Structures are given as structure tokens and as C-alpha cells.
Amino acid sequence: MSRTGIYPGTFDPVTNGHIDIIHRATRVVDRLIIGVAINAGKGPLFTLEERVEMLEREIASFPGDAPERVEVRAFEGLLTVFAVSCDASLIVRGLRAVSDFEYEFQMTGMNGRLNPDIETVFLMASDKYQFISSRLVKEICSLGGDVSHFVSAPVKDRMLVKYS
Ligand code: ADP
């Protein structure tokens, strides 16, 4: 039996924290679908196409058979509906500090009610990456700070273009 998981997020842009969670998730599921939320409400810096493209580029350089087991897809609407359409039985979320807990707790409860067959699992990034957030990386970059420790070189270049 093969297990499919979904890792949903905005990925605006993908950070080293997200990458760490993706690596960990590939150890838990056979097939991982990264669901890139259109999320116009959050006023993303990067277009949906750019966010998908950056993720695909990162995944292409993963070791072993991971690139064949990970797929990036855009989605809109209810996560539980998207999960069913992907044949996924698991939602993967990353947990950083206590601050993430409240929101994730509510989301998991709601999603569990919407579809009790889908389990949410939480993974923690390595302590090197736990403090990274797309929001702060954007803020630092917009203020001229160096974001090389938080995102890959291609992502950093694209951010520099956006803020130039
Ligand atoms: P969202 O809009 O759903 O919060 P994000 O792209 O910000 O989208 O995050 C997607 C998922 O990745 C969330 O579960 C978030 O908690 C997790 N995540 C983001 N950054 C990190 C990190 N540095 N360490 C662990 N998990 C993270």
C-alpha cells in the first residue's frame, strides 16, 4: 500500500525551513504532493507560477529517488477537497515555535471535522532552520539584509530582482 501526503503552504518563497520539512516528509510518505495555495489574500510577493517554479527547481536537486516521489501542484479552495482529489491520506505541516501551535491546532480540528479520514501530522525542522519564516525573509531582503542563510541561491536572486 502506498501512502500519499500533502504538504500545503503559500511558499512565498520556499525557504530552507520548507526544504527541511519536505526532506523529512519524504521519509514518512511514499509520494508527496506540495500544494501551493493561490492565497491571494496574503498578497504574495511571487506569482503562483513563480512559487511553483522555485519549488520544482529545489526538488530537482534532491538526492536519490526523492525527485520522482515529490510533485508540486497549485490548489485553490478547501485543503481537504484537494487532498481527496490527490488520493492523499495525510496532511503534513511544519511546526516552528509555540506561536504556530494555536493556528495549526484550529486548522487540524476543522480539517478533521471536514474529513475524518485524513490525518494531519506535524514535523519539526532541524534547529538550524526552525526560526525561518518566508515573511521575515522577505522583510530582511526588502531592507537590504543578506538572506543567504535562509533561502537557496536561486531563490535569493529572484528576491533581489523583486526588491531592486
Ligand atoms: P502558510 O500560509 O500555510 O502558513 P507557509 O508557506 O508559510 O504557508 O508554510 C507552510 C508550512 O510550512 C506551514 O506548516 C509552516 O508552519 C511550515 N513552515 C514554514 N517555515 C518553517 C520552518 N522554518 N520550520 C518548520 N516548518 C515551517
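Because the structure is a prediction, the values reported are computed rather than measured. Per chain, residue numbering runs from 1 following the sequence as it is written. Predicted model: local features are reported for residues with pLDDT of at least 70 only, side-chain atom pairs are reported and counted for 80 or more only, and whole-chain, interface and lining totals are derived from all residues. The basis for the side-chain values is all heavy atoms of the structure; hydrogens and waters are excluded.

Asks: How should I be thinking about the confidence of the model for the protein in this particular structure?
Replies: Low pLDDT means the predicted atomic positions in that stretch should not be read closely. A residue's pLDDT is simply how confident the predictor is in it, with values from 0 to 100. When pLDDT is averaged along the protein, the result is 95, and 100% of the positions lie at 70 or above. Helix and strand assignments follow DSSP, with helices taken as H or I runs no shorter than four residues and strands as E runs no shorter than two, numbered in order from the N terminus. In the model of the protein, helix α5 (residues 98–114) stands out as the element of lowest mean pLDDT, 90, in contrast to strand β1 (residues 4–9), which has the highest, 98.

Asks: It is not clear to me how the site of the ligand should be interpreted in this structure. Could you clarify?
Replies: For the ligand, the set of nearby residues contains 20 residues, the closest of which are Tyr 7, Thr 10, Lys 42, Gly 94 and Tyr 129. A 3.5 Å cut-off defines polar contacts: any pair of N or O atoms within that distance qualifies, except that in protein one atom must be a possible hydrogen donor and the other a possible acceptor, and neighbouring residues in sequence count only when both atoms are side-chain atoms. Between the ligand and Arg 93 there is a distance of 3.1 Å, counted from an oxygen atom to a side-chain nitrogen or oxygen. Using a 1.4 Å probe, the Shrake-Rupley method yields the accessible areas, and only the shown protein chains count as cover for residues. In the complex, 92% of the free accessible area of the ligand, which totals 550 Å², lies under the protein chains. Of all elements in the fold, only β1, α1 (16–28), β4 (90–95) and α5 reach the threshold of two or more residues within the shell around the ligand. For this classification, Asp, Glu, Lys and Arg are treated as charged, while Ala, Val, Leu, Ile, Met, Phe, Trp, Tyr, Cys and Pro are nonpolar and the rest, including Gly, are polar. Tallied by class, residues from the shell around the ligand come to eight nonpolar, seven polar and five charged. For this description, a residue counts as near a given molecule or strand if any of its non-hydrogen atoms is within 4 Å of it.

Asks: Any chance you could explain the sheet that holds strand β5 (residues 119–124) here in plain terms?
Replies: Working definition: the strands of a sheet are paired by backbone hydrogen bonds and lie parallel or antiparallel to each other. Spatially, the five strands line up as an open sheet ordered β3-β2-β1-β4-β5, and their pairing is parallel. Sheet topology places β3 (70–75) and β5 at the edges, where each strand pairs with a single neighbour. Direction aside, the axes of adjacent strands within the sheet are offset by 30 degrees on average. Two strands are said to pair when DSSP picks up at least two bridges between them. Where strand β2 (residues 31–37) lies against β3, six bridges are found, and the strand directions are parallel. Within the sheet, the bridge partner assigned to Val 36 lies in β3 and is Ala 74. Along the sheet face, helix α2 (residues 48–60) touches β2 and β3 and points at about 155 degrees away from the line of β2. Strands in contact with α5 are β4 and β5; relative to β4, the strand with the most contacts, it is inclined by about 170 degrees. Lines fitted to C-alpha atoms define the axes here, with helix axes fitted over just the stretch in contact, and angles between the N-to-C directions of these axes take values from 0 to 180 degrees. Any pair of residues with heavy atoms lying within 4.5 Å of one another is described as a contacting pair.

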